[in-house]
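Single-letter residue listing:
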Amino acid sequence: MNVNSFSFVVFVAILVLVYYAPVIRKFQWIVLLVASYLFYALNGAENMAYIMITTVVTYLGARLLDGKNVSQEQFIKEQKGVLPKQEIKEYKEKIKKQKYRITLVCIVINLGLLIFLKYGSFLAGNAGKLFNHKEWSELSIFHLAVPLGISYYTLMCIGYLLDVSKGKCRSEKNLLKTALFVSYFPQITQGPIGRFPDLASQLFGTHKFTYENLAYGCQKMLWGFFKKMVIADRMKPMVDTIFDNYQNYGGFTILLGCMYFSIQLYADFSGYMDIVSGCSSMLGIRLAENFRRPFFAKSLDEYWRRWHMTLSAWFRDYVFYPLSISKAAVKVGRVAKKIFPMRISKLAPSIFAMLVVWFCTGLWHDASWRYMFWGLYNGVIIIASMCLKPQFAWCKEKLLIKEGKIWKLFQMLRTFVIISLLKVFPLAATTGDSLAMIKKIFLSFPTEISVASLLPGMGVEDLFCVIVGLIIFMCISLRQEKEPMHEWLSRRPFVVRWGMYMILLLFIVSFGVFGTEATGGFEYAQY
Amino acid sequence: MHNIRKIGIRILLILAVLFLYQRGVEYLYRPHNETITFINKERREYDGEIETLICGTSTAQRGIDPEIIDKKMETVSFNTASSLQPLDGTYELIKDVTRNNPVETVILGIAPDIMMKREVDTKYKSRLYDRLQSPVSKFKYQLRGCSVDEWPYMMFYSARVEDYFAGESIRENINVKQSEEYKAGQIIESNYKAKGMIANKKKLKGEQPDVLTQGESEFSADKVKAHNLESLVEIAEYCSDNQIELILVYIPLPGKKIQSYGDITTIHDYFTEFAKKHDALFWDFNYHKELKTLFTNDKFEDTKHLNRNGAEVFSEQLADMYYRYHTGENIEEDFLDTCPYYVASEAVGEKDE
């Protein structure tokens with residue numbers, strides 16, 4: 001059951017009715033748990049065991065860690081002033097080591113499952129090449145189906161364990177409630193990557209039906225369906241035409257294809273987010289925001305603070321921060337001090353942590369070299385812009401460039417082109433193809449420009465839908481930069497508000513692409 | 001309570017807008033000469049009179065002429081068969097027609113390939129859905145035969161429009177639908193007044209080896225999907241409960257096709273047994289004594305369907321057999337124990353006519 005299907009709408013409608021039934025009020029979280037597992041089962045029942053293992057490991061780990069925190073607290077409370085400070089310190093160190101071991105074991109199991117299922121074939125293939133055992137990659141054990149949403153729920157669980165370990169939150173005592181946190185259906189397939197402290201009270205609390213929640217949820221879902229079914233799915237054939245036959249197209253068409261894909265991917269992914277976040281809002285649970293109009297970003301760094309925000313935030317909080325103050329980072333800083341000028345060497349620990357984060361981000365997306373390149377390229381560009389900041393400022397001053405709307409627009413376009421160029425990595429089938437595309441973009445110039453080279457595989461109807469869709473998309477995004485759309489809408493008269501809803505609805509009913517066979521589902525569901 | 005009223009009003013508003021919009025889209029985009037519109041119109045004209053109902057797939061739709069059956073039997077029959085008609089839909093269709101017609105006989109053209117299909121394409125389901133006239137039947141079929149994701153396609157004509165920018169055909173539609181002749185019912189489609197039958201004059205040409213050898217999956221009882229068999233049993237039981245005579249008919253296939261078909265005997269045996277078990281009749285015209293002489297290649301439009309000429313011959317035969325059966329004659333004598341194309345002396349080493 002895909003979230004852009006009619007069956008999902010029916011599923012949500014039934015769930016909302018059951019969820020708010022007066023007799024159910026106290027058991028709302030159980031309804032959510034059943035719905036989540038049902039949703040998961042409908043999307044691949046054979047993979048249920050993995051999510052269960054992760055849930056149990058996370059639950060046990062969190063309980064043990066919490067136990068350690070509590071006993072430490074109690075010990076300090078009881079022994080403060082009784083035992084010498086040194087002994088208390090030693091006790092703290094002992095507990096810290098125990099917590100470290102527990103966390104490590106849980107992370108190794110959870111991450112191990114992810115690595116085995118998602119990266120097993122890649123690792124075996126490369127190890128096979130290295131040790132001259134090509135048959136390793138053929139072993140069926142490395143070709144098991146990857147469970148739905150494993151990349152997302154694994155990160156959520158690791159985040160939860162680390163939060164409990166650091167005492168940021170208490171662990172959940174009920175295994176089934178932990179299971180709900182891990183499997184909550186709106187975020188299981190493509191995120192957002194939720195945090196336990198934010199979600200727990202919402203997931204396990206009781207919610208009263210409010211018209212506002214329902215209306216807000218419906219608005220979001222409608223907008224999500226529009227982005228996915230009218231814009232993304234209409235653009236998909238054109239993007240596929242270009243990248244399935246990139247050998248037949250010039251560099252300019254490939255560059256355009258990358259830009260089209262950027263828009264398609266944004267409409268696809270953010271459309272999904274709006275659908276699931278709308279659905280969750282109907283249930284009184286607000287999910288974390290995952291997008292903040294990324295195409296308005298003026299730098300790649302800012303883009304990543306606006307795109308897939310929960311993933312960036314996860315890597316920032318659980319990888320970047322700990323790594324940049326780690327012993328390894330300090331060593332890197334010391335070495336850099338000897339080689340680079342002061343300003344750069346001060347940045348060295350951050351640069352080191354950033355490279356690791358971007359490498360991991362690439363690897364998280366897919367087990368392939370091209371995604372690792374993609375991650376590292378992102379990192380290199382951000383690091384370069386960080387290091388060259390004074391030089392850029394100097395150039396700007398010399399060229400008499402003033403901060404203004406035109407400069408901002410230029411920065412946005414520049415960022416858009418950069419992120420589009422980086423799309424050659426996820427778009428290509430192999431790393432070789434990615435490199436061939438880059439070569440074509442920079443070396444194969446167009447001799448003539450025709451409609452076929454600008455919009456290959458695009459019919460009149462598709463073009464109409466995409467243009468109208470993008471105009472609406474742009475207008476709404478500009479409005480959202482100033483204030484949330486639903487707030488703006490709530491101030492409009494009933495006729496205007498409902499007129500807009502109806503136009504969107506009829507647009508979807510008429511021009512939306514129905515059926516996952518035609519669209520192949522969501523782009524980010526593969527990660 | 002206030003919330004419920006507020007939500008109720010809004011749902012009604014959405015439904016009203018959707019309804020009006022769909023009507024508008026249908027007016028603009030549904031071809032003024034679309035066959036199904038005229039078939040439904042004609043069926044409504046016969047409401048309360050239909051005694052013999054013809055169902056099944058395209059072979060029945062193109063092969064059985066109700067007019068010929070009516071002349072011979074002095075009955076009123078109607079052909080509701082459609083391309084790749086799914087059996088669960090056929091069941092709903094029979095109930096839909098019998099709801100307001102004194103149906104006495106159902107002639108069901110059997111299609112072995114349908115029996116083995118897990119799922120029929122949405123397009124074909126919609127052809128059956130359009131033939132259902134009562135909203136109850138439509139809803140029941142939606143629940144029973146369509147996945148939830150197929151509902152928008154069934155309910156919203158706008159989801160079926162393939163080209164929203166077909167300006168020429170929209171103009172033509174509006175012009176015709178606005179004309180006085182159309183409103184007075186003077187503009188008709190060529191199949192109107194054919195009682196649901198769609199015939200083609202085309203003749204099967206040449207050997208068409210690629211078509212002939214493009215073998216459908218070979219029929220066997222274990223390949224029959226349980227839900228299809230259940231639907232067929234339901235049809236038989238419904239007919240039996242309502243004193244309706246059910247005749248399963250295997251419509252003739254061209255000789256070339258039969259020769260390439262390794263499983264015609266299996267099909268024959270399977271349906272013979274089914275008919276015996278469920279108190280139905282089974283007339284396999286591919287076992288007809290005169291098959292080779294009556295249904296030569298020029299009686300077919302392609303390797304599956306009879307053409308107009310062939311349909312006339314076949315319907316005559318069917319009506320004659322129906323008449324003789326009811327007058328108590330032994331019609332078993334019209335059939336051989338084996339398919340004429342498989343009679344050993346002719347089949348061995350000689351596959352061409």
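Criteria and cut-off values
- Residues numbered from 1 in each chain as written.
- Chains lettered and ligands numbered in written order.
- Predicted model: local features only at pLDDT ≥ 70, side-chain atom pairs only at ≥ 80, totals over all residues.
- Helix = DSSP H or I, 4+ residues; strand = E, 2+ residues; numbered from the N terminus.
- Rg over C-alpha atoms; globule rule 2.2 N^0.38 Å.
- Buried ≥ 20, exposed ≤ 12 C-beta atoms within 10 Å, placed from the backbone.
- Contact = placed C-beta atoms within 7 Å.
- Domains from an automatic or database assignment.
- Pairing = 2+ DSSP bridges.
- Axes fitted to C-alpha atoms, helices over the stretch in contact; angles between N-to-C directions.
- Nonpolar A, V, L, I, M, F, W, Y, C, P; charged D, E, K, R; others polar.
- Expected span 1.5 Å × (residues − 1).
- Arc of directions from axis to C-beta.
- Core = buried A, V, L, I, M, F, W, Y, C linked by C-beta atoms within 7 Å.
- pLDDT = per-residue confidence, 0-100.
- Parallel < 35°, antiparallel > 145°, perpendicular 65-115°, else oblique.
- Left-handed = near helix turned anticlockwise from the far one by under 90°.

1. Remarks on the overall build of chain B
Summing up its helical and strand segments, chain B has 18 helices and 5 strands in all. Compactness check: chain B gives a C-alpha radius of gyration of 22 Å against a globular reference of 20 Å for 353 residues, within 12% of the reference. Taking the principal axes of its C-alpha atoms as reference, chain B extends roughly 80 × 45 × 40 Å. Expressed as a percentage of the 353 residues in chain B, the buried residues total 37%. For chain B, restricting intrachain contacts to residue pairs at least 6 apart in sequence, the fraction spanning at least 24 positions comes to 82%.

2. Points about the overall build of chain A
Looking only at helices and strands, chain A features 24 helices and 0 strands. Over its C-alpha trace chain A gives a radius of gyration of 25 Å, about what one expects of a compact globule, namely 24 Å for 527 residues. Taking the principal axes of its C-alpha atoms as reference, chain A extends roughly 85 × 70 × 60 Å. Counting over 527 residues, chain A shows a buried share of 39%. When contacts within chain A are restricted to residue pairs at least 6 apart in sequence, long-range pairs at least 24 apart make up 76% of them.

3. Some points on the domain arrangement of chain A
The parts lose accessible area when they come together, and the size of an interface is often stated as this lost area. What the domain assignment lists for chain A is domain 1 (21–206), domain 2 (209–250 + 262–287 + 449–527) and domain 3 (297–427). The straight-line distance from the C-alpha centre of domain 2 of chain A to that of domain 3 of chain A is 29 Å.

4. Looking at the sheet that holds strand β3 (residues 105–109) of chain B
All names here are of chain B. The 5 strands lie next to each other as β2-β1-β3-β4-β5, forming an open sheet whose pairing is parallel. With one partner strand each, in any of the chains shown, β2 (77–79) and β5 (281–284) form the two edges of the open sheet. This sheet shows a mean twist of 20° between the axes of neighbouring strands, independent of strand direction. In this structure, β3 lies alongside strand β4 (residues 245–250), joined through 5 bridges in parallel fashion. Its bridge partner lying in β4, G109 is registered against V249.

5. Examining the interface of chain A and chain B
Contacts between the two partners involve 14 residues from chain A, matched on the other side by 17 residues from chain B. Among the secondary structure elements, those contributing two or more residues to the side of chain A that touches chain B are α1 (6–19), α21 (460–482) and α23 (494–511) of chain A. The greatest single-element share of the side of chain A that touches chain B, amounting to 4 residues, is contributed by α23 of chain A. Here the side of chain A that touches chain B is built from residues that sort into 9 nonpolar, 4 polar and 1 charged.

6. Let's talk about helix α17 (residues 405–421) of chain A
All names here are of chain A. The terminal C-alpha atoms of α17 lie 24 Å apart, and with 17 residues this matches the ideal 24 Å at 1.5 Å per residue to within 8%. Along α17, the residues that are buried comprise T415, I419 and L421. Viewed end-on, α17 has its buried residues packed into an arc of 160°, placing them on one side of the element. Those residues of α17 that are exposed and angled more than 90 degrees off the buried face are K405, I406, L409 and L413. Contacts made by the buried residues of α17 are with α10 (251–282), α11 (300–306) and α18 (424–427).

7. A word on the environment of F274 of chain B
Mapped onto the elements of the fold, F274 of chain B is located in helix α15 (residues 264–277). Measuring from C-alpha to C-alpha, the distance between F274 of chain B and K195 of chain B comes to 29 Å, with 79 residues separating the pair along the chain.

8. A short note on the pairing of β4 of chain B
All names here are of chain B. Most of β4 is tucked away: 5 of the 6 residues are buried. Bridging between β4 and β5 involves 4 bridges; their strand directions are parallel. Of the residues in β5, the one forming a bridge with I247 is L281.

9. Things to note about the nonpolar core
In terms of nonpolar packing, the biggest core is built from 123 residues, with Y153, M156, L161, L180, L203, M235 and I254 of chain A touching the most fellow members. Take this core: its biggest share by element is 17 residues, from α10 of chain A. If sequence neighbours within four positions are ignored, L161 of chain A has contacts with T58, G61, A62, L65, T103, C106 and I107 of chain A. In this structure, I94, V103, V106 and C146 of chain B belong to the second largest nonpolar core, which totals 68 residues.

10. A closer look at the confidence of the model for chain B
Caution is warranted with low-pLDDT regions, since their predicted coordinates should not be read in detail. Residues and elements named next belong to chain B. Counting all residues, the mean pLDDT for chain B is 86, and 92% of those residues have values of 70 or more. Scored below 50 in pLDDT, residues 209–215 makes 8 contacts in the model with residues more than four places away or belonging to other chains. Across residues 347–353 the pLDDT falls below 50, and counting only partners more than four positions away or on other chains, this stretch makes 4 contacts in the model. Among the scores for the predicted complex, ipTM is 0.74 and pTM is 0.82.

11. Side note on the environment of E73 of chain A
Secondary-structure assignment places E73 of chain A in helix α3 (residues 48–79). Distance in space between the C-alpha atoms of E73 of chain A and K92 of chain A is 9.6 Å, their sequence separation being 19 residues.

12. Here we look at unusual backbone geometry
Phi at H308 of chain A takes a positive value of approximately 45°, unusual for a residue other than glycine. Note on placement: H308 of chain A falls in the loop between α11 and α12 (309–324). Despite not being glycine, Q243 of chain B has its phi angle at roughly 55°, a positive value. Within the secondary structure, Q243 of chain B is located in the loop between α13 (226–241) and β4.

13. Looking at the pairing of β3 of chain B
Residues and elements named next belong to chain B. Burial of β3 is extensive: 5 of the 5 residues sit out of reach of the surface. Burial along β3 is two-sided: T105, I107 and G109 facing one way and V106 and L108 facing the other are all buried. Two strands pair when backbone bridges link them, and strand β1 (residues 52–56) and β3 are joined in this way by 5 bridges, in the parallel orientation. Looking across to β3, one finds that I54 is bridged to I107.

14. Details of helix α19 (residues 431–443) of chain A
All names here are of chain A. When the terminal C-alpha atoms of α19 are compared, their 18 Å separation across 13 residues agrees well with the 18 Å that a helix rising 1.5 Å per residue should span. Among all positions of α19, only S434, M437, K440 and I441 are buried. Along α19, the residues classed as buried sweep out an arc of 125° about the axis, all on the same side. Exposed positions of α19 whose direction lies more than 90 degrees from the buried face are G432, K439, F442 and L443. In this structure, the buried residues of α19 make contact with α10, α15 (369–387) and α18.

15. Some points on the packing of helix α5 (residues 87–98) of chain B against helix α8 (residues 135–145) of chain B
Residues and elements named next belong to chain B. Their axes nearest at 10 Å, the elements α5 and α8 cross at an angle of 165°. Taken together, the axes of α5 and α8 are roughly antiparallel relative to one another. Both α5 and α8 take part in a crossing whose hand is right-handed. Of the residues in α8, those touching α5 at D88, G89, E92, K95 and D96 are S137, K140, Y141, R144 and G145. Residues belonging to the contact of α5 with α8 are distributed by class as follows: 1 nonpolar, 3 polar and 6 charged.

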